[in-house]
Every structure is written in structure tokens, then in C-alpha cells.
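Residue-level structure breakdown
Next come the chains, spelled out residue by residue.
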Amino acid sequence: MQTDHLSYGSDQSGLICGYVFAHEQPGKPLYTKEAVEWLQSPHSSRDDSFIWLHFNLSNVAAEKWLREHASLPDEFFETLHEGSRSTRIEHADHSLIAVVNDVLHDFAFEASDIATLWLNVSSNVMISARRKPLKSVDRLRNAVNQGEHFSSPTELLTHLLRDQADVLIGIVRNVIKKIDDIEDHLLADRLNHKRANLGELRRVLVRLQRLLAPEPAALFRLLQRPPVWVAERDVQELRQSTEEFAVVLSDMASLQERIKLLQEEIAASVNEQNNRSLFVLTIVTVLALPINIIAGLLGMNVGGVPLAQHENGFWIVVAIVATFTAIAGWLAFRKNRND
């Protein structure tokens with residue numbers, strides 16, 4: 001059973017989609033039974049064709065099928081169960097083994113919306129496997145379904161890496177838009193809850209960069225001594241896509257620094273507002289202090305309270321309170337100006 005290109009399910013073997021490419025023709029759908037027959041056929045009968053099989057590792061049958069039919073190196077299966085998922089590309093047993101991190105299909109600027117794609121690329125087979133739907137793989141599937149031509153599995157890998165870079169460029173643009181909006185709120189003195197929004201954006205960028213930063217270095221090391229079956233044109237395309245990816249990572253690092261500076265500016269603005277509120281509270285306390293003290297003294301139920309029998313006693317007390325209040329207010333404002 002083959003799922004359509006809009007579905008994220010898989011058949012009983014865990015296969016999400018499969019394609020066979022031959023004679024510079026667009027990829028044709030490849031079902032599980034046909035994939036087994038193609039993999040078991042002699043190399044001489046394949047007529048320079050190659051296939052791409054994409055699996056859902058959430059289906060427990062997927063890994064079993066790969067072990068039985070795909071003849072993949074042991075290093076590939078070891079990477080599936082490693083705790084570390086840092087991006088890397090290695091050459092092992094006439095294959096390229098890649099661990100690529102990407103954002104989920106329904107990415108919503110959450111640090112947890114990042115998952116891993118495992119790849120095994122040889123001269124005539126590309127195997128990809130994931131546990132959650134990923135954006136860059138969906139873009140590659142759409143390109144194949146729309147009839148785009150591919151001449152080798154390495155070209156599929158290059159397209160996938162460029163799709164990944166395009167997804168990151170979209171994320172960077174969205175982050176820039178969100179940061180610009182936050183800056184506008186800051187300039188308009190309408191911060192609201194934007195500090196929390198900045199923290200979320202920064203966490204996403206930090207995690208993306210931490211997971212993706214090793215990718216250009218790993219590719220550059222590989223391209224220094226590429227496998228013999230990789231064509232020179234594919235090597236140049238991989239090198240170019242790696243350079244584009246490195247530029248995107250640099251932009252992400254610049255965005256992190258911009259967010260950090262904006263957080264510091266917002267924190268300074270909030271501290272200034274808190275200081276103003278504290279100053280107002282201090283002034284109110286200082287202005288109320290004289291009248292509270294005098295009211296407390298004159299309200300004591302003891303003999304000898306001054307001005308108790310004086311006909312203008314009330315106004316005298318008011319004048320004393322007003323004088324001390326004016327002096328206290330003057331001292332408080334003077335101290336604030338000096339600070």
C-alpha cells in the first residue's frame with residue numbers, strides 16, 4: 001500500500017513513499033513489493049536507475065524491513081539508537097550516513113518542534129527515515145511529485161539540504177518579523193508580554209544552531225575526500241549548498257545577538273519603570289510621614305496636649321504639618337535629582 005503525497009502515514013512495512021528514477025525521467029512511485037524486487041535485482045539489470053525510499057520509524061516494522069531487504073551498513077542502524085543526534089555526515093562501507101535535524105511539518109516556534117532525519121545514500125539508493133513529519137522532506141517529496149528531474153541519489157541529498165536551508169531561511173524571516181514587531185511595541189512603550197516572546201524565539205534559535213551548526217563542517221570534511229561514486233558535479237552542488245547553509249547559520253547567530261540586545265534594552269526599560277514606581281511610592285510615604293507623626297502625638301489620650309485649648313490650635317497644627325510636609329517633599333525631590 002502506497003500513501004499519497006499529502007499523507008504522513010506508512011504501509012505495513014513502514015514505507016511512507018518510494019520513487020524510482022531512470023534515464024533522466026521524473027520519479028515514479030515505487031511500492032513496497034516493487035522496492036523489494038528492485039533491491040534484489042542484479043546491478044546489471046537496473047540500467048543506471050536509482051531509488052529513494054522514505055520510512056516512518058514510528059512503525060516498528062520499518063527497521064525490521066530495512067535490516068532484511070536494504071543491505072544497509074551496521075553504522076546506519078547504530079545511529080538510529082544513539083542518544084546524541086547532532087548533525088553529521090560520515091562515509092561508511094561505500095555509503096554516506098547522515099544525521100540531519102529539521103523542524104516539524106507543523107513547526108510553531110517551539111524548541112521541541114525539532115526532530116531528526118536519518119539518511120543512507122549510496123550510488124543507486126537513498127534511504128531516509130524519520131519518526132515525525134519534517135518540512136524539508138515534504139518539500140523534496142513535492143518536488144518529485146511535481147516532476148522535477150534528479151540524476152543521482154547525491155542530487156536528491158543536495159536538494160534535501162537546500163530545502164532544509166530554505167526552511168531555515170523562512171524561520172529566520174519570521175523571527176525577524178516578530179523581532180521588528182517587538183521593537184515597534186518597545187518604541188511605542190507598549191511592552192505587554194513581549195519579553196516572554198523573545199525568550200521563546202531565542203530558545204528556538206539556540207537549539208537549532210546547536211543541532212545544525214556541525215552540518216557545514218561535516219560536509220566540508222567529507223567533500224575534501226568524497227566517495228569515488230559521487231560525480232564531480234554533485235560534489236560542486238553539495239559544496240555550494242553547504243556554503244548557503246553556513247550563511248543561514250550565520251544569520252541565526254546574528255539574530256540571537258539582536259534578541260539578546262533587545263532583551264537587555266527591555267530589561268533596562270522595565271527597571272526604569274520600576275524605579276519610577278518606587279519613587280512615587282517613596283514620595284507618597286514621605287509626604288504622609290509628618291501628618292502621621294503629628295496626628296499620632298496629638299491623638300494620645302494624655303494630659304498636656306499642646307494647643308488643645310487654643311482657639312486657633314487647629315490652624316496652627318495645619319501650618320506645622322504643611323511646613324514639615326513641604327520640607328520633606330523638597331528633600332525627597334532634591335535627593336532624586338542628585339541621584
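Residue numbers restart at each chain and count upward from 1, following the sequence in its written direction. Where local features are concerned, this predicted model is filtered to residues with pLDDT of at least 70; where side-chain atom pairs are given and counted, the filter is 80 or more; whole-chain, interface and lining totals use all residues. Values reported for side chains reflect all heavy atoms of the structure, with hydrogen atoms and water molecules removed beforehand.

1. Some details on the pairing of strand β6 (residues 114-121)
- Most of β6 sits out of view: 8 of its 8 residues are buried.
- Between buried and exposed lies partly exposed: a residue is buried under 20% and exposed over 50% of the maximum accessible area for its type, with that area taken using a 1.4 Å probe on protein chains only. A helix here means a DSSP run of H or I that spans at least four residues, while a strand means a run of E at least two residues long, and both kinds are numbered starting from the N terminus. Both faces of β6 are covered, namely the face carrying Ile 114, Thr 116, Trp 118 and Asn 120 and the face carrying Ala 115, Leu 117, Leu 119 and Val 121.
- A pair of strands is treated as paired once DSSP finds two or more bridges between them. Where β6 and strand β7 (residues 125-130) come together, 5 bridges link them in antiparallel fashion. Paired with Leu 119 across the bridge in β7 is Ser 128.
- Two successive antiparallel strands, β6 and β7, enclose a turn made up of 3 residues.

2. Here we look at the sheet that holds β6
- The mixed open sheet is built from 7 strands, whose spatial order is β2-β1-β3-β7-β6-β5-β4. Each edge of the open sheet carries a strand with a single partner, namely β2 (28-29) and β4 (88-92).
- With 8 bridges joining them, strand β5 (residues 95-103) and β6 adopt antiparallel strand pairing. Across the sheet, the residue bridging to Val 99 is Trp 118, located in β6.
- Residues are treated as being in contact if the distance between any of their heavy atoms lies within 4.5 Å. The angle between two axes is taken between their N-to-C directions and runs from 0 to 180 degrees, where each axis is a line fitted to C-alpha atoms and a helix contributes only its stretch in contact. Against the sheet, helix α1 (residues 32-40) engages β1 (15-21), β2, β3 (50-56) and β7, with an angle of about 130° to β3.

3. Thoughts on a nonpolar patch on the surface
- Patches here are clusters of residues that have more than 30% relative accessible area and form no salt bridge, with a 9 Å joining cutoff for like charges and a 5 Å cutoff for nonpolar side chains (Val, Leu, Ile, Met, Phe, Trp, Tyr). Areas reported as accessible are Shrake-Rupley estimates using a 1.4 Å probe. Residue values count occlusion only from the protein chains shown. Should a side-chain nitrogen of Lys or Arg be within 4 Å of a carboxyl oxygen of Asp or Glu, the pair is scored as a salt bridge. Nonpolar side chains collect at one region of the surface, where Phe 314, Trp 315 and Val 318 lie side by side and expose about 360 Å² of accessible area between them.
- Along the chain, Val 318 falls in helix α9 (residues 313-338).
- Residue Val 318 is classed as partly exposed on the basis of its relative accessible area of 35%.

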